[in-house]
Amino acid sequence: CADADALLVPGVEVIIQGLVKLPDFNGLTGIVQSLDAATGRHDVLLDGPQGQCAWRWVKVKGENCRLKIPPPPPTAPTLSPDMGGARVLAAR
């Protein structure tokens, strides 16, 4: 899980998942703002106010954050638009 935590840098958009104590937050999206080293949790700014208290900020363990749009692998091929996506141009 340390590899996944390394991707949770400020500015990354995440989906919250797997929360047991506050399941209403599961499925919500937000932007990682920082890592609270004292608690080992990431400060996430939610996309909008949530719940009766209109929460905007949550502290979430890395294991409960999933990247909203995972980055492509470094060796992902790119496709040529002139061949209907059938010809591989080059690997990244």
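Here, the structure is the one placed above.
Residues numbered from 1 in each chain as written. Predicted model: local features only at pLDDT ≥ 70, side-chain atom pairs only at ≥ 80, totals over all residues. Heavy atoms only, no water.

1. Considerations on the overall build of the chain
Here is step 1 of the chain: Counting its secondary structure elements, the chain contains one helix and seven strands.
Here is step 2 of the chain: Moving toward the C terminus, one meets the helices and strands of the chain in the order α-β-β-β-β-β-β-β.
Here is step 3 of the chain: The proportion of buried residues among the 92 residues of the chain is 26%.
Here is step 4 of the chain: A sequence separation of at least 24 residues applies to 29% of the contacts in the chain between residues at least 6 apart.
Here is step 5 of the chain: Element-wise, carbon and sulfur atoms account for 60% of the exposed surface of the chain, whose accessible area totals about 6300 Å². (Helix = DSSP H or I, 4+ residues; strand = E, 2+ residues; numbered from the N terminus. Buried < 20%, exposed > 50% of the residue type's maximum accessible area, 1.4 Å probe, protein only. Contact = heavy atoms within 4.5 Å. Areas by Shrake-Rupley, 256 points an atom, 1.4 Å probe, with all protein chains shown as cover.)

2. Comments concerning the pattern of salt bridges
Here is step 1 of the chain: Taken as a whole and assessed by the stated rule, the structure comprises three salt bridges.
Here is step 2 of the chain: One salt bridge in this structure joins Lys-59 and Asp-36, with 2.8 Å as the shortest N-O distance. Here Lys-59 is found in strand β4 (residues 55-61), whereas its partner Asp-36 is found in strand β2 (residues 29-36), with 23 residues between them in sequence.
Here is step 3 of the chain: Judged by its relative accessible area of 19%, Asp-36 is buried.
Here is step 4 of the chain: As a salt-bridge pair, Lys-59 and Asp-43 come within 2.6 Å of each other at their nearest N and O atoms. With a gap of 16 residues between them, Lys-59 in strand β4 and Asp-43 in strand β3 (residues 41-50) connect regions that are remote in the sequence.
Here is step 5 of the chain: A relative accessible area of 14% places Asp-43 in the buried class.
Here is step 6 of the chain: Where salt bridges share partners, they join Asp-36, Asp-43 and Lys-59 into one cluster. (Salt bridge = Lys/Arg side-chain N within 4 Å of Asp/Glu carboxyl O.)

3. Considerations on the nonpolar core
Here is step 1 of the chain: Formed by 13 residues in total, the largest nonpolar core has its most connected members in Val-14, Val-44 and Val-58.
Here is step 2 of the chain: Elements with a minimum of two residues in this core: β1 (13-16), β3, β4 and β5 (65-67).
Here is step 3 of the chain: Residues contacting Val-14, with those up to four places away along its chain left out, are Leu-8, Leu-28, Thr-29, Gly-30, Val-32, Val-44, Cys-65, Arg-66, Leu-67 and Lys-68. (Core = buried A, V, L, I, M, F, W, Y, C linked by side-chain atoms within 4.5 Å.)

4. A word on the side chain of His-42
Here is step 1 of the chain: Structurally, His-42 is set in strand β3.
Here is step 2 of the chain: Excluding residues that lie within four positions of it along the chain, His-42 makes contacts with Asp-5, Leu-8, Val-32, Ser-34, Leu-35, Val-58, Lys-59, Val-60, Lys-61 and Gly-62.

5. Structural notes on the pairing of β1
Here is step 1 of the chain: Alignment of β1 against β2, held across three bridges, turns out to be antiparallel. Within the sheet, the bridge partner assigned to Val-14 lies in β2 and is Gly-30.
Here is step 2 of the chain: With three bridges joining them, β1 and β5 adopt antiparallel strand pairing. Its bridge partner being in β5, Ile-15 is matched across the sheet by Arg-66. (Pairing = 2+ DSSP bridges.)

These values are about where atoms sit, not about what they do.
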